[in-house]
Amino acid sequence: MNETYCVLYRNSQSAHSAARLSMAYLSLDLAINAAFRIAEKQLEPIEIRGSDGTVMKAPELMKAIAICAG
């Protein structure tokens, strides 16, 4: 079975917004790109979760998003 990744995000402008998961992406690069697009929409990417249990937490994710923006 192939690894898939989802972005966990929330609406940063709402104090009580529930976290949501994006659709599944077939690579970490695609998930990072999705997190970049989510951030462009004024939403807050929290982490990327892999189907094998891997997690990319916010600090590392923000660095990856900054590279995408650069």
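Computed from a predicted structure; not experimentally measured. (Residues numbered from 1 in each chain as written. Predicted model: local features only at pLDDT ≥ 70, side-chain atom pairs only at ≥ 80, totals over all residues. Heavy atoms only, no water.)

## Structural notes on the overall build of the chain
Point 1. Within the chain one finds two helices and four strands.
Point 2. Scanning the chain from its N terminus toward the C terminus, one meets helices and strands in the order β-β-α-β-β-α.
Point 3. What you see for the chain is a C-alpha radius of gyration of 12 Å, in line with the 11 Å of a compact globule of 70 residues.
Point 4. For the chain, the spread of C-alpha atoms along the three principal axes comes to 35 × 30 × 20 Å.
Point 5. Burial status across the chain gives 31% buried among its 70 residues.
Point 6. Intrachain contacts of the chain at a sequence separation of at least 6 include 48% that bridge at least 24 residues.
Point 7. When the accessible surface of the chain is split by element, carbon and sulfur atoms take 55% of a total near 4700 Å².
Point 8. If you average the places of the 7 positive and of the 7 negative side-chain charges in the chain, the two averages end up 8 Å apart. (Helix = DSSP H or I, 4+ residues; strand = E, 2+ residues; numbered from the N terminus. Rg over C-alpha atoms; globule rule 2.2 N^0.38 Å. Buried < 20%, exposed > 50% of the residue type's maximum accessible area, 1.4 Å probe, protein only. Contact = heavy atoms within 4.5 Å. Areas by Shrake-Rupley, 256 points an atom, 1.4 Å probe, with all protein chains shown as cover. Lys, Arg positive; Asp, Glu negative; His and termini not counted. Charge placed at Lys NZ, Arg CZ, Asp CG, Glu CD.)

## What about the nonpolar core?
Point 1. Ranked by size, the top nonpolar core spans 15 residues in total, and within it V7, A31, I48 and L61 carry the most contacts.
Point 2. For this core, the secondary structure elements donating two or more residues are β1 (5–10), α1 (28–40) and α2 (58–69).
Point 3. Here this core gets six residues from one element, more than from any other, and that element is α1.
Point 4. In this view, I48 contacts Y5, C6, V7, L28, A31, I32, T54, V55, M56 and L61; residues no more than four positions away in its chain are not counted. (Core = buried A, V, L, I, M, F, W, Y, C linked by side-chain atoms within 4.5 Å.)

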